[in-house]
Amino acid sequence: MAEPSTAVPRPGSDGPDGGDVRTPPLRPGHYDPADYADCVVRGAEAAGVSPLLVLTVLYNEAYKPHHPLLERLWQWWKPEASFGVANMHRATFERVRRAHGLSERWQDLRDDPAFAIRAAALHLADLDRGLPARHVRRYTREELLALGYNAGERNMRAFARGVPPGPMARSYLRRFRSYRHRAAAVLAGDRDRRDDTAS
């Protein structure tokens, strides 16, 4: 578990009800998606997607260190690397930015975890709109959305029709399924904590 943080509300990270979301700072070697449960809930609810889907995707994308300085160094070595806690590529971000009228830039994903989570939630909502209502039974709708997040919308549609995913997509799906229980436990604990605070 990450160290406790002395987070402060970030400008522009207001939830749909106008309340500030406290965003913990990113520290090298101490990134844990669970620390961003509040941001996940707000971003997912605003985008109209499941917080469990968003948080499970964050766990899947936590395979590399998420810290602004490390991401700048990574970009110097690999200019088209993905950015932010949700590992979003520039082309994907630009589609989300145009579709939703975002004023932020792709580079802002690395410095603002709450914004990166919001952008990921919006992208998942866009994928959901592009997913056919009927699909093969071997995948849930959220599993297909996660595959779409990883492999792209065109591949997601193909998987929904029954085209078998390749090795990388299968690995992503296995990890998504294994992280789902952890994400659910985190969100249940976060909901209990918020209920205790409200009472």
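Residues numbered from 1 in each chain as written. Predicted model: local features only at pLDDT ≥ 70, side-chain atom pairs only at ≥ 80, totals over all residues. Heavy atoms only, no water.

In this section: the confidence of the model for the chain. Counting all residues, the mean pLDDT for the chain is 82, and 72% of those residues have values of 70 or more. Across residues 1-19, where pLDDT falls below 50, the model places 37 contacts with residues more than four positions away in sequence or in other chains. (pLDDT = per-residue confidence, 0-100. Contact = heavy atoms within 4.5 Å.)

Here we take up unusual backbone geometry. Of note, the phi angle at N87 is positive, near 50 degrees, even though the residue is not glycine. Examined against the element boundaries, N87 turns out to sit in the loop between helix 3 (68-77) and helix 4 (90-100). Given a relative accessible area of 7%, N87 falls into the buried group. (Helix = DSSP H or I, 4+ residues; strand = E, 2+ residues; numbered from the N terminus. Buried < 20%, exposed > 50% of the residue type's maximum accessible area, 1.4 Å probe, protein only.)

Another aspect to go through is the pattern of salt bridges. Going through the model one piece at a time under the given rule, you end up with nine salt bridges. Linking R97 and E94 is a salt bridge whose minimum nitrogen-to-oxygen distance equals 2.7 Å. One end of the pair is R97 and the other is E94, both in helix 4 and three residues apart, which spans about a single turn. Here E153 ties to R157 by a salt bridge, and the two come within 3.5 Å at their closest N and O atoms. Taken together, the residues span about one helical turn, with E153 and R157 both in helix 8 (residues 153-161) at a distance of four residues. In this structure E153 comes out as partly exposed when scored by relative accessible area, which is 34%. (Salt bridge = Lys/Arg side-chain N within 4 Å of Asp/Glu carboxyl O.)

With the rule as written, the count across this model stands at three aromatic pairs. When the ring of Y59 is compared with that of Y179, the centres are 5.6 Å apart and the planes differ by 25 degrees; the resulting orientation is stacked. Placement of the pair is Y59 in helix 2 (residues 51-60) and Y179 in helix 9 (residues 167-198), with a sequence separation of 120 residues. Residue classification places Y59 among the buried positions, given a relative accessible area of 5%. (Phe/Tyr/Trp six-rings, centres within 6.5 Å; stacked < 30°, edge-to-face > 60°.)

Looking now at helix 8. Within the sequence span of helix 8, burial applies to M156, A158, F159 and A160. Positioned one or two residues after helix 8, G162 has a phi angle of 115 degrees, which is positive.

What follows concerns the side chain of E143. Relative to the helices and strands, E143 is located in helix 7 (residues 141-151). In this structure E143 comes out as buried when scored by relative accessible area, which is 11%. Beyond its immediate stretch of four places on either side in the chain, E143 contacts R138, L173, F176 and R177.

Before going further, it helps to examine helix 1 (residues 37-47). Since the α-helix turns once every 3.6 residues, residues separated by three or four places project in the same direction. Buried residues of helix 1: A37, C39, V40, V41, G43, A44 and A47, and no others. Backbone geometry just after helix 1 places G48 at a positive phi near 80 degrees.

Running from N to C, helix 2 and helix 6 (residues 113-130) point in directions that differ by 115 degrees, and their axes come no closer than 10 Å. For the pair helix 2 and helix 6, the sense of crossing is right-handed. Side by side, helix 2 and helix 6 meet where L53, V54, V57 and L58 of the first sit next to I117, A121 and L124 of the second. Considered class by class, the residues forming the contact of helix 2 with helix 6 number seven nonpolar, no polar and no charged. (Axes fitted to C-alpha atoms, helices over the stretch in contact; angles between N-to-C directions. Left-handed = near helix turned anticlockwise from the far one by under 90°. Nonpolar A, V, L, I, M, F, W, Y, C, P; charged D, E, K, R; others polar.)

Here the focus is the environment of A125. Within the secondary structure, A125 sits in helix 6. Under the relative-accessibility criterion, A125 is labelled buried at 4%.

One finds L109, L124 and Y149 to be the most contacted residues of the largest nonpolar core, which totals 55 residues. Among the elements of the structure, helix 1, helix 2, helix 4, helix 6, helix 7, helix 8 and helix 9 are those that each provide at least two residues to this core. Ranked by the residues each element gives to this core, the list is headed by helix 6, at eleven residues. If we skip the residues at most four places from it in the chain, L109 touches F83, G84, M88, F93, F115, A116 and A119. (Core = buried A, V, L, I, M, F, W, Y, C linked by side-chain atoms within 4.5 Å.)

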